[in-house]
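Notes for the structure review
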Amino acid sequence: MLEKGMIGVKQLFIYIIMFTIGSSILVAPSGLVRDGKQDGWMASILDMGIGLLFVWLYYTLSQRFPKLTLVEFSEEIFGKWIGKVVSLSFLLYFFILAFSLLREIGDFMTTQILPKTPIEFIFMTFLGIVIMGTRLGLETQARAAEIFFPWIFLLFLIMVVSMLPEIHVENMQPMLEGGIKPVIWATYRNLGLPYLEQVVFLMVFPYVHRIEKARKALWGGTLFGGMMITIVTLLSILVITPDLTAIQIYPSYVLAKKISIGHFFERIEAVMAGIWFLTLFFKLTLCFYATALGVAQTLKLRDYRFLTFPLGMLLLVLSIVGSPNIIYFQRFIAEIWTPYSMTYGLFLPLLLLGVAMFRKKCSN
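In this report, we go over the structure that sits alongside the text. (Residues numbered from 1 in each chain as written. Predicted model: local features only at pLDDT ≥ 70, side-chain atom pairs only at ≥ 80, totals over all residues. Heavy atoms only, no water.)

Brief notes about the pattern of salt bridges
Using the following cut-off: A side-chain nitrogen of Lys or Arg and a carboxyl oxygen of Asp or Glu constitute a salt bridge if their distance falls within 4 Å. Numbered from the N terminus, helices here are DSSP runs of H or I no shorter than four residues, and strands are runs of E no shorter than two. Throughout this description, buried means an accessible area under 20% of the type-specific maximum (1.4 Å probe, protein chains only), exposed means over 50%, and partly exposed covers the range between.
If you walk through the whole model with that rule in mind, you get nine salt bridges. Residue Arg189 pairs with Asp35 through a salt bridge whose shortest N-O separation is 3.3 Å. With Arg189 in helix α8 (residues 181–189) and Asp35 in helix α2 (residues 24–36), this pair connects stretches of sequence that are 154 residues apart. The same class applies to Arg189 as to Asp35, namely buried. The residue Arg305 makes a salt bridge to Asp303 at a minimum N-O spacing of 3.2 Å. One connected set of salt bridges, linked through shared partners, spans Glu75, Lys84 and Lys300.

Written out as structure tokens, the structure is:
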């Protein structure tokens, strides 16, 4: 095995929460409310429910090959050459996901916090930390997530409690004004962020102690993270109104700016930015790690760490040239990302599971 480290079920639970809220806590409310209006929070709950089904699919698939990663059991199911093609297509998806996350960091920093800083400098700085985390291995990443999680939850709790005086319940009304169709459409359009992306954990499951007991951790982590996204979406509707939420690129960041208690405790948008930076780091690092590990396993290399620098250079170049501006990138996420993610988060896993079951039945 190229990865020597192992993680526990509790660490997996925390990592799934980090991954789920990742980029979604900052940008998901905008898409949910843009499509679902004041009922966007309902779409968030539906997404979470469907996300639990995806987790069941990934867990079921992993249980058939408990000691193999996605790359390894793809070759086991489809054979050497077709399996490698399938594996490389998954790795390309993980790499493009890493690109989208790095691009989000650059766009956010250059539009909200450091507008005069070259976006290339932000890419290089954050990517350097990601490469370092990847080279330290999965176990180190999981332990770091375990250390940071209580602080992330505390910051989130402070933000939610501070928002309570700003709530206007009438912003939720009228409920289901346009019927159920806008809610269904919003649910579909936002499935790719983040629930379909969790297929990347098929590269992690073989390195989890007693993975057969991890089902509750998988569902619990997805449920916990999904509830945090739903709460932020609901607060965005209740505080800054559905119309303003829909037109904001980062509604959660705008939401945090509204906090004002006694003209003393206010403008703590850095709290939301802090939550986002930490969770996005772990999500990006996992995607980059899965890409490097998968390439090494596909090419039968002895180590994946030496791949981090060339892959990092490719990711840096792609982040610069892959999107001409923030509007183009946001449109790509809104219109293309979910159907693209469904290929790798739903259809291919179903195909892998179906072929594996068929082959086992034939062998019996």
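And the narrative resumes.
Describing α2
When you tally the buried positions in α2, you get 12 out of 13 residues, the bulk of the element. Those residues of α2 that sit buried are Ser24, Ile25, Leu26, Val27, Ala28, Pro29, Ser30, Gly31, Leu32, Val33, Asp35 and Gly36. Note on α2: the residue one or two positions beyond its end, Lys37, has a positive phi of about 55 degrees.

Overview of unusual backbone geometry
A cis amide bond, omega -10 degrees, links Gln173 with the succeeding residue Pro174. The omega angle of the peptide bond from Leu193 to Pro194 is 10 degrees, so this bond is cis rather than trans. Structurally, Pro194 can be placed in the loop between α8 and α9 (215–240). Residue Lys37 is not a glycine yet carries a positive backbone phi of 55 degrees. Position of Lys37 relative to the elements: it lies in the loop between α2 and α3 (40–64).

Quick look at the layout of surface pockets
Our working rule: Definitions used for this entry: grid spacing 1 Å over protein atoms alone; cavity, a set of points where a 1.4 Å probe fits but cannot get out; pocket, an open set with protein on both sides within 12 Å along at least 5 of 7 lines; lining residue, one with an atom within 4 Å of a point. Grid points are joined across faces, edges and corners, and a volume is the space filled by probe spheres set on the points.
Put simply, the largest pocket is a space of about 360 Å³. Lining the largest pocket we find 21 residues, and of these Ser30, Gly31, Arg34, Gln330 and Ala334 sit closest to its centre. Elements with a contribution of two residues or more to the lining of the largest pocket: α2, α10 (242–247), α14 (326–335) and α15 (337–363). Counting residues per element, the lining of the largest pocket draws most heavily on α2, which supplies six residues.

Observations concerning the packing of helix α7 (residues 138–163) against α9
Put simply, the test is: To get an axis, fit a line to the C-alpha atoms, keeping to the stretch in contact for a helix; angles then go from 0 to 180 degrees between the N-to-C directions. The cut-offs work like this: below 35 degrees is roughly parallel, past 145 is roughly antiparallel, 65 to 115 is roughly perpendicular, and the gaps in between are oblique. Working rule for handedness: look at the near helix, and if it is turned counterclockwise from the far one by less than a right angle, call the crossing left-handed; if clockwise, right-handed. We call two residues in contact when some of their heavy atoms are within 4.5 Å. Residues are grouped as follows: nonpolar covers Ala, Val, Leu, Ile, Met, Phe, Trp, Tyr, Cys and Pro; charged covers Asp, Glu, Lys and Arg; every other residue, Gly included, is treated as polar.
In the contact formed by α7 and α9, the axes pass within 11 Å of each other and the chain directions differ by 25 degrees. As the angle between them shows, α7 and α9 are arranged roughly parallel. The way α7 lies across α9 gives a crossing that is left-handed. In contact with Phe149, Phe153, Phe156, Met159, Val160 and Met163 of α7, α9 contributes Phe224, Met228, Ile231, Val232, Leu235 and Val239. Along the lines of polarity and charge, the residues of the contact of α7 with α9 split into 12 nonpolar, no polar and no charged.

Points about the packing of aromatic side chains
Cut-off, in case you're wondering: Aromatic pairs are defined between Phe, Tyr and Trp rings, using the six-membered ring for Trp, whenever the two ring centres lie within 6.5 Å; interplanar angles under 30 degrees are classed as stacked, those over 60 as edge-to-face, and all others as tilted. In this analysis the charged atom, NZ for Lys or CZ for Arg, is taken to sit over a ring once it is within 6 Å of the ring centre and within 35 degrees of the ring normal.
Taken as a whole and assessed by the stated rule, the structure comprises 28 aromatic pairs. Aromatic side chains Tyr93 and Phe94 sit 6.0 Å apart centroid to centroid with 55 degrees between the ring planes, which places their arrangement in the tilted category. Taking relative accessible area as the criterion, Phe94 reaches 0% and is therefore assigned buried. Measuring from centroid to centroid gives 6.0 Å for Phe108 and Phe277, while their planes differ by 70 degrees, and the two rings are edge-to-face. Of the two residues, Phe108 sits in helix α5 (residues 80–113) while Phe277 sits in helix α12 (residues 269–298), which places them 169 residues apart along the sequence. The buried category is assigned to Phe108, whose relative accessible area is 0%. Site record: aromatic cluster; members linked through ring pairs are Tyr15, Phe19, Phe126, Phe148, Phe201, Phe281 and Phe282. Its guanidinium or amino end placed over the ring of Phe19, Lys283 lies 5.0 Å from that ring's centre, counting from NZ or CZ.

Regarding the side chain of Ser236
Mapped onto the elements of the fold, Ser236 is located in helix α9. The contacts of Ser236, once residues within four sequence positions are left out, are Pro29, Thr241, Thr245, Pro251 and Leu255.

So, the nonpolar core
To be explicit about the condition: For our purposes a nonpolar core is just a set of buried Ala, Val, Leu, Ile, Met, Phe, Trp, Tyr and Cys residues, chained together by side-chain atoms within 4.5 Å.
In this structure, Leu12, Phe90, Phe94, Phe201 and Leu286 are the most contacted members of the largest nonpolar core, which totals 129 residues. When residues no more than four places from it in sequence are discounted, the contact partners of Leu286 are Tyr15, Phe19, Leu138, Gln141, Val200, Phe201 and Val204.

Topic: α9
Applicable threshold: Residue count minus one, scaled by 1.5 Å, sets the expected span of a helix.
Between its terminal C-alpha atoms α9 stretches 37 Å, which fits the 38 Å expected from 26 residues at 1.5 Å a residue. The first or second residue beyond α9 is Thr241, which carries a positive phi of 75 degrees.

Comments concerning the environment of Arg215
By the element assignment, Arg215 lies in helix α9. Of the residues examined, Arg215 reaches a relative accessible area of 43% and is grouped as partly exposed. Along the backbone, Arg215 and Tyr59 are 156 residues apart, and their C-alpha atoms lie at a distance of 7.2 Å.

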